[in-house]
Amino acid sequence: MTKPIVWTIAGSDSGGGAGIQADLHTIQALGGHGCSVISAITAQNSVSVSMVEPVLMQAFTSQLVSLATDMQAGAIKIGLLPGGLRAEVLARYLKEYRRQWQPYVVLDPVAIASTGQAMAEANLLPAIKQHLLPEVDLITPNAVELEALSGIVPDSPANVRAGAAALREMGAGAVLVKGGHLDWTGDQAIDFYSDGEREIWLASPRLETRHGHGTGCTLSSAIATAVAQDYPIEDALVLAKAYVNQGLKGAEAIGAGAGPVAHLGWPTELADFPAVVMPGTALAAQLGINGPSTRGEFAPMDTLQLGLYPVVTTIAWLERLLEQGVRTLQLRIKDKTDAEVEEDIQAAVELGKRYQARLFINDYWRLAIKHGAYGVHLGQEDIEVADLEAIRAAGLKLGLSTHGYYEMLRARELKPSYLALGHIFPTKTKDMPSRPQGLERLHRYVALMEAEFPLVAIGGISKDRVPLVAQTGVGSIALVTAITEAPDPDAAIRELLELVEG
Ligand SMILES: Cc1ncc(COP(=O)(O)OP(=O)(O)O)c(N)n1
Ligand SMILES: Cc1nc(C(=O)O)sc1CCOP(=O)(O)O
Ligand SMILES: [Mg+2]
């Protein structure tokens, strides 16, 4: 795959820790090709900023024109703009890009350096509000910037929400309020994302280091690079926060003052990824996050390697699979009432017990509890509506569907019995709202999560693809049509069992 192009429109930092330099390091480390539009030249080191010199307007726009004619970006990150005029002009260019090829635009509204010095003319903030915000998909203010732009002091969760809402009303598609400067969040650095439809709170332990120069530039560039690689925004947010956490842990002094965030490549340590704040915790209560919660872990599986995992719609299929020696399987009946499926679920539970199989019931969790099923499989949407505590308290195993980093981290908080990772390839069995993950991402997800959960890959896995999927180290392969539409299903079951468990 060719590298996705990411532009950074920002100021040059002679000290190399922030601005264009941090952006290009980040884009490169995360697999993008970085292009730069320099808005200003700054003279700075780790201690202070001694000069901010805007580039000539013609030099600024020539860079934009040059890139737009040959190297259109999947995502654009905007950092320092030295004054309102450049913000206004840039807004006009962005409007045209959005009409022509729809790049994702992230604005990190740099106005004050971490050393406290003003970086831009006073007319920048009004121009951002009036001209730039309507052309921006995501703005990433810290507490100081949020207050400067919205007039709201983010001194409580309610005011963080209100400040973010104010920026969306000015035209920003979404807002990520960075929690690094929020002092009421204690030992957690908590970021808040809102796009008007959903809210996400991400928490990481606050890292005690004075070497955090370039943190905001790095975060926004990491988000842009992930989006340019087709990660959905929620995945880009958690990946970028992990990249910054990893970089803060590895940061060292270079110069007498605050050293730069380290650029250490794709994040692979689960400890660097943020927790998704879920209902039921003290933090969730403080943040005003309500909803169903659980009181502990779900029953663990007896093995990390769940093996071949067929997902079928009838008792007849279950019997056929069990007779062939399949021991992990699922009854997945869609769009019927409880009354219509109860008999089948009862029969499935009995069959599963007779064969001592790990038999999961999809969706119908009430009936699964009522009939003492081995386990239940639920989707992300179910998390908000199912009585998860009742499932847990009844001792049923719980499998949860996930489709990327954010959903994995969200599911992780519920401590389920296994995680399903989908959909790996295009599937015709189900209309999927997300894109196929592919093998490279599956590799990454398995490496990240395998120590904590049994993992199941699902979606478009044909017999031919099974060896490649198995090479990722995933302990189980779930499939529907590879069995149900095989010319000789019994032969297919035997071959698949051999391939996956043999
Ligand atoms: C093993 C496994 N993985 C994923 C799914 C999908 O479950 P869900 O997201 O609940 O969607 P539906 O199957 O209900 O359409 C699954 N069933 N099994
Ligand atoms: C039911 C289901 N759930 C998926 C997910 O990604 O959550 S993919 C999928 C369909 C799997 O069928 P097949 O093996 O025929 O592609
Ligand atoms: Mg379901």
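Residues numbered from 1 in each chain as written. Chains lettered and ligands numbered in written order. Predicted model: local features only at pLDDT ≥ 70, side-chain atom pairs only at ≥ 80, totals over all residues. Heavy atoms only, no water.

Caption draft 1: Quick peek at the packing of aromatic side chains. For the structure shown, the criterion picks out 13 aromatic pairs. When the ring of Tyr-309 is compared with that of Tyr-418, the centres are 5.9 Å apart and the planes differ by 80°; the resulting orientation is edge-to-face. Of this pair, Tyr-309 sits in strand β11 (residues 307-312) while Tyr-418 sits in strand β16 (residues 418-421), and the two are 109 residues apart along the sequence. For Tyr-418, a relative accessible area of 0% gives the class buried. The rings of Tyr-231, Trp-266, Phe-273, Tyr-405 and Tyr-445 are connected pair by pair, giving a single aromatic cluster. (Phe/Tyr/Trp six-rings, centres within 6.5 Å; stacked < 30°, edge-to-face > 60°. Helix = DSSP H or I, 4+ residues; strand = E, 2+ residues; numbered from the N terminus. Buried < 20%, exposed > 50% of the residue type's maximum accessible area, 1.4 Å probe, protein only.)

Caption draft 2: Representation of the coordination of the magnesium ion (ligand 3). Coordination of the magnesium ion (ligand 3) by the protein is provided by Asn-362 (OD1) and Asp-363 (OD), with metal-donor distances spanning 1.9 to 2.8 Å. The class for Asn-362 is buried, based on a relative accessible area of 5%. (Donors = N, O, S within 2.8 Å, 3.2 Å for Na, K, Ca; no water.)

Caption draft 3: Just the site of ligand 2, in detail. Taken together, 14 residues are adjacent to ligand 2, and His-403, Thr-427, Thr-429, Gly-460 and Thr-481 come closest. With respect to ligand 2, the backbone of His-423 contributes an N or O atom lying 3.3 Å from an oxygen atom. The contact in question runs from an oxygen atom of ligand 2 to an N or O atom on the side chain of Thr-429, over 2.5 Å. When ligand 2 sits alone it has 430 Å² of accessible area, and the protein chains cover 95% of it. Of the residues belonging to the shell around ligand 2, the class tally is 4 nonpolar, 8 polar and 2 charged. (Near = heavy atom within 4 Å. Polar contact = N/O pair within 3.5 Å; in protein donor to acceptor, adjacent residues only side chain to side chain. Areas by Shrake-Rupley, 256 points an atom, 1.4 Å probe, with all protein chains shown as cover. Nonpolar A, V, L, I, M, F, W, Y, C, P; charged D, E, K, R; others polar.)

Caption draft 4: Fine view of the environment of Asp-230. Note on placement: Asp-230 falls in the loop between α7 (215-228) and α8 (233-249). Sequence separation between Asp-230 and Gln-437 is 207 residues, and the spatial gap between their C-alpha atoms is 10.0 Å. Ignoring sequence-local partners within four residues, the contact set of Asp-230 consists of Arg-435 and Arg-441. (Contact = heavy atoms within 4.5 Å.)

Caption draft 5: Highlighting the confidence of the model for the protein. When pLDDT is averaged across the protein, the result is 96; 99% of the residues are at 70 or more. Scored as a complex, the prediction yields pTM 0.97 and ipTM 0.97. (pLDDT = per-residue confidence, 0-100.)

Caption draft 6: Spotlight on the sheet that holds β11. Spatial strand order, β11-β12-β13-β14-β15-β16-β17-β18: 8 strands in a closed barrel with parallel pairing. The sheet shows a mean angle of 25° between the axes of neighbouring strands, taken without regard to direction. Pairing of strand β13 (residues 358-362) with strand β14 (residues 375-378) involves 3 bridges; the strand directions are parallel. Bridge pairing links Ile-361 to Val-376 in β14. Here helix α11 (residues 338-354) sits on the sheet and contacts β12 (328-331) and β13; the angle it forms with β13, its principal contact strand, is near 165°. (Pairing = 2+ DSSP bridges. Axes fitted to C-alpha atoms, helices over the stretch in contact; angles between N-to-C directions.)

Caption draft 7: Layout of the site of ligand 1. In the vicinity of ligand 1 there are 16 residues, among which Gln-330, Arg-332, Lys-334, Ser-401 and Lys-430 approach most closely. Note that an oxygen atom of ligand 1 is positioned 2.8 Å from one of the side-chain N or O atoms of Ser-401. Bound to the protein, ligand 1 loses 93% of the 420 Å² it would expose on its own. Of all the elements in the fold, those that place two or more residues in the shell around ligand 1 are β14 and β16. Of the residues contributing to the shell around ligand 1, the split by class is 6 nonpolar, 5 polar and 5 charged.

Caption draft 8: Seen up close, the nonpolar core. With 99 residues, the main nonpolar core has Leu-138, Ile-223, Ile-361 and Tyr-405 as its most contacted residues. Core analysis: the second largest hydrophobic core is formed by 47 residues, Ala-68, Ile-139, Leu-149 and Ile-190 among them. (Core = buried A, V, L, I, M, F, W, Y, C linked by side-chain atoms within 4.5 Å.)

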